[in-house]
Each structure stands twice: as structure tokens, then as C-alpha cells.
Amino acid sequence: MSRRLDHFAGPLLAAGLCITPGLAASGDTRFSELSATERAILRAEIREVLLSLPRDLLPDAPPPPVDLYADAVSDDLAQIAAHGATLFGPDAPGRSIAFLTRDGCEDCTQALSELRELAEATGWQVRVIDMAAHADIARALELDTVPSYVLPDMMLRGAMPAIVLEKYLSR
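Remember, it's a predicted structure, so these values are computed and weren't measured experimentally.

Each value, and the rule that gives it
Residues numbered from 1 in each chain as written. Predicted model: local features only at pLDDT ≥ 70, side-chain atom pairs only at ≥ 80, totals over all residues. Heavy atoms only, no water. Axes fitted to C-alpha atoms, helices over the stretch in contact; angles between N-to-C directions. Helix = DSSP H or I, 4+ residues; strand = E, 2+ residues; numbered from the N terminus. Left-handed = near helix turned anticlockwise from the far one by under 90°. Contact = heavy atoms within 4.5 Å. Nonpolar A, V, L, I, M, F, W, Y, C, P; charged D, E, K, R; others polar. Core = buried A, V, L, I, M, F, W, Y, C linked by side-chain atoms within 4.5 Å. Buried < 20%, exposed > 50% of the residue type's maximum accessible area, 1.4 Å probe, protein only. Disulfide = S-S within 2.5 Å. Phe/Tyr/Trp six-rings, centres within 6.5 Å; stacked < 30°, edge-to-face > 60°.

### Here's the deal with the packing of helix α6 (residues 108-122) against helix α8 (residues 162-169)
Thought 1: Two elements in contact, α6 and α8, have axes whose closest approach is 10 Å; the angle formed by their N-to-C orientations is 35°. α6 and α8 meet at a crossing whose hand is right-handed. Contact with α6, carried on its side by E114, L115, L118 and T122, involves A162, L165, E166 and L169 of α8 and no other residues of that element.
Thought 2: Here the contact of α6 with α8 is built from residues that sort into five nonpolar, one polar and two charged.

### Digging into the nonpolar core
Thought 1: L87, L100, L141, Y149 and V150 are the most contacted members of the largest nonpolar core, which totals 30 residues.
Thought 2: Elements with a contribution of two residues or more to this core: α5 (84-88), β1 (96-101), α6, α7 (135-140), β3 (148-151), β4 (154-157) and α8.
Thought 3: Per element, the largest residue contribution to this core is six residues, and it comes from α6.

### Side note on the state of the cysteines
Thought 1: With the rule as written, the count across this model stands at one disulfide.
Thought 2: Put simply, C105 and C108 are joined by a disulfide, and their sulfur atoms are 1.9 Å apart. With the S-S dihedral at roughly 85°, the linkage between C105 and C108 falls on the right-handed side.
Thought 3: Residue classification places C105 among the buried residues on the basis of a relative accessible area of 15%.

### Observations regarding the packing of aromatic side chains
Thought 1: Tallied over the entire structure, the rule returns one aromatic pair.
Thought 2: Centroid distance F99 to Y149: 5.5 Å. Interplanar angle 75°. Geometry classified as edge-to-face. One end of the pair, F99, is in strand β1; the other, Y149, is in strand β3, with 50 residues separating them in the sequence. Both residues of the pair, F99 and Y149, count as buried.

Just geometry here; none of it tells us what the structure is for.
Quick look at the structure:
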């Protein structure tokens, strides 16, 4: 067993980690010979065990990751909700997308056409919002690029290829 695994062997064995049914049954511990699937399973199991251990067992472990953007995302979602009636309509269904545009936008005509075609195929409603007429909303959402797309749970800046929009609208 390598020196790196020696450090984790005690806590892993104490936690009753079973690498894979086949390896556990045969007693095989040649980690270098694991298949890609077995490595992924092992990695997930080790991560799960390490995250479940009390912090004092791993004093040199780095602190858990902090989501640096959590506050910004929360603020964005609050602004979307606050302006939801204008963005999505007064009876805003969950499957509504706002398309923000302004005069002189070269990419907006094609982007809107692709969005409408995709929305029709996926059951979404499109609401076109003029950024000049609703400058307060554009400022609140910090949108300065046209076109921009606002969904109930996210914003996208700039013209998006249909394949990218399809990914977001089909989730």
C-alpha cells in the first residue's frame, strides 16, 4: 500500500469501507489495477468516509469549501422573484423565460427566433422585455448585455446557441 493510502487506511478500515464487492470478496488490494468504474467508486467511498469523520481525526485537513458566490446567487434569485410579475407575466408559470433586448441589438432577432422555436417545442412561454423601458429591472439584475435571458432560477448573458438553451430549458 502506498504511503498516501497508509494515512487513510486506519479511518477507512475503522469505518468499514468496502471498496467493491468483487475486491472485498477476493481480498485483492492492488489499487493500481482497478478499473475506471472501480476507481470512481473507491474515490466516492473515500470522500464519503472522510467527510463523515470528526475534524479532530484529520487535523491537517483543509477546511470544507466555502461557496464564494452563495450570497450573490441568493441576491440574484431574490431580485428575480421581486420582479417576477414583469419578467414572467402576472400569472407567471414555472416554465416562463424572459428575453431582454433593446433597440439596435444585432444578435437579438436570431436569438429570439431560436428561443421561440425551442420554447414552443419544450412547452416554455417567452416574454420579451425591452431593457430601455425596464431599466430598473436591468439595473436590479445587473444585466447590461443584450440579449439576456432570465429564467425563474438563473440568468444568462449574451446570445446563447440553441443547443445551450435546450440544455437549460429541458432540465
